[in-house]
Amino acid sequence: MLIMERVKLDQNKVKGRFIYHFFKRTLDIVASACALIILSPLFLVLAILIKHEDGGPAFYSQERIGKDGKPFKMYKFRSMIVNADQMVDQLEDQNEIDGAMFKIRDDPRITKIGHMIRKYSLDELPQLWNVLIGDMSLVGPRPPLPTEVEKYTDYDLQRLSVIPGCTGLWQVTKRNDADFDEMVELDIEYINNSGFFYDLGIIFRTIGVMIHPNGAC
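*Asks:* Got a minute to help me understand helix α1 (residues 18-38) in this structure?
*Replies:* Look at α1: 30 Å from first C-alpha to last across 21 residues, which is about the 30 Å you get at 1.5 Å a residue. Turning to α1, its buried residues number three or more, namely Y20, K24, D28 and S32. Across the axial projection of α1, the buried residues extend over an arc of 80°, all falling on one side. Along α1, exposed side chains directed more than 90 degrees from the buried face belong to F18, I19, F22, I37 and I38.

So this is what it looks like as structure tokens:
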């Protein structure tokens, strides 16, 4: 595991900055609303394919932790078998990431259509609704599970200082190659460097990653 120098969170990047947060929220509303309308035919096709494979629901919701520890329901296209959540304990010994995070590169719970939509991050598209209603932003740290937050140190909790995002710095750099500590460092680096044009840069890089996947599973 790569040992990274711990960076102190710049509180000035968390508090205030009303102009930046105004334009960030405006971008979130306009972009998510337009994307939901434009992508609605794709939503329909994916929902039919997922439903057809095993008869289960097309969408999946899961409790995640947002800014300042506030829980919310995050939405995704279902990419795993219906009882996937009940199998976590059975697969714990296969977890490939150290720290407060669970990830298996070749997760046996993923369905056939799930592999495809995960490769191109299409399973994340319903989170545009979370962005529209304000639970998430287009760019920010990924929202963790409550069970993961229970294991957080005070240092790790710093990543909950801002609204979580659909994409972020570690998704366009290390993605699945990052361990938990590296993810936290990259999230804090993002917060310390956050700005309107910095966010736009990450959004455009995310589109590139979706077209040419760099480690999705």
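*Asks:* How should the packing of α1 against helix α8 (residues 196-211) be read in this particular structure?
*Replies:* For any two helices packed against each other, one specifies the crossing angle of their axes together with the interaxial distance. At their nearest, the axes of α1 and α8 sit 10 Å apart, and the two run at 30° to each other. Classified by the interaxial angle, the pair formed by α1 and α8 is roughly parallel. When α1 is examined against α8, the residues Y20, F23, K24 and L27 are found in contact with a partner set consisting of F196, D199, L200 and I203. Of the residues contributing to the contact of α1 with α8, the split by class is six nonpolar, no polar and two charged.

*Asks:* Can you walk me through the side chain of R142 in this structure?
*Replies:* Here R142 is to be found in the loop between β3 (137-139) and α6 (146-149). Note on R142: relative accessible area 12%, which makes it buried. Here the side chain of R142 touches E124 through a polar contact of 3.2 Å, side chain to side chain. Here R142 is in contact with M74, E124, Q127, M136, R159, P164, G165, C166, W170 and Q171, once residues within four sequence places are set aside.

*Asks:* Honestly, the pattern of salt bridges in this entry has me stumped. Any pointers?
*Replies:* A side chain of one charge can pair with a side chain of the opposite charge if their charged atoms are brought near each other. Using the criterion set out here, one finds eight salt bridges in the structure. Put simply, D68 and K67 hold a salt bridge, and the shortest N to O gap is 2.9 Å. K67 sits in the partly exposed class, given a relative accessible area of 36%. Among the ionic pairs, E124 bridges to R142, the shortest N-O distance being 3.2 Å. Within this pair, whereas E124 is found in the loop between α4 (112-119) and α5 (127-133), its partner R142 is found in the loop between β3 and α6, the two being separated by 18 residues in sequence. On the accessibility criterion, E124 (23% relative accessible area) is partly exposed. Through salt bridges that share partners, K76, D123, E124 and R142 make up one connected network.

*Asks:* Which parts of the structure should I look at to understand the packing of aromatic side chains?
*Replies:* Describing an aromatic ring pair means giving the distance of the ring centres and the angle of the ring planes. Counted according to the given criterion, the structure contains seven aromatic pairs. Look at F22 and F23: their rings are 5.3 Å apart centre to centre, the planes differ by 80°, and that puts the pair in the edge-to-face class. Since its relative accessible area comes to 44%, F23 is described here as partly exposed. A ring pair is formed by F59 and F77, whose centres lie 4.9 Å apart and whose planes are at 25°; its orientation type is stacked. Within this pair, whereas F59 is found in strand β1 (residues 59-65), its partner F77 is found in strand β2 (residues 71-77), the two being separated by 18 residues in sequence. Residue F59 is classed as partly exposed on the basis of its relative accessible area, which comes to 43%. When its relative accessible area of 1% is taken as the criterion, F77 is described as buried. Among the aromatic residues, those joined into a cluster by ring pairs are F22, F23, F196 and F197.

Thresholds, definitions, all that
- Residues numbered from 1 in each chain as written.
- Predicted model: local features only at pLDDT ≥ 70, side-chain atom pairs only at ≥ 80, totals over all residues.
- Heavy atoms only, no water.
- Helix = DSSP H or I, 4+ residues; strand = E, 2+ residues; numbered from the N terminus.
- Expected span 1.5 Å × (residues − 1).
- Buried < 20%, exposed > 50% of the residue type's maximum accessible area, 1.4 Å probe, protein only.
- Arc of directions from axis to C-beta.
- Axes fitted to C-alpha atoms, helices over the stretch in contact; angles between N-to-C directions.
- Parallel < 35°, antiparallel > 145°, perpendicular 65-115°, else oblique.
- Contact = heavy atoms within 4.5 Å.
- Nonpolar A, V, L, I, M, F, W, Y, C, P; charged D, E, K, R; others polar.
- Polar contact = N/O pair within 3.5 Å; in protein donor to acceptor, adjacent residues only side chain to side chain.
- Salt bridge = Lys/Arg side-chain N within 4 Å of Asp/Glu carboxyl O.
- Phe/Tyr/Trp six-rings, centres within 6.5 Å; stacked < 30°, edge-to-face > 60°.

So, to be careful, I would describe these as geometric facts and stop short of saying anything about function.
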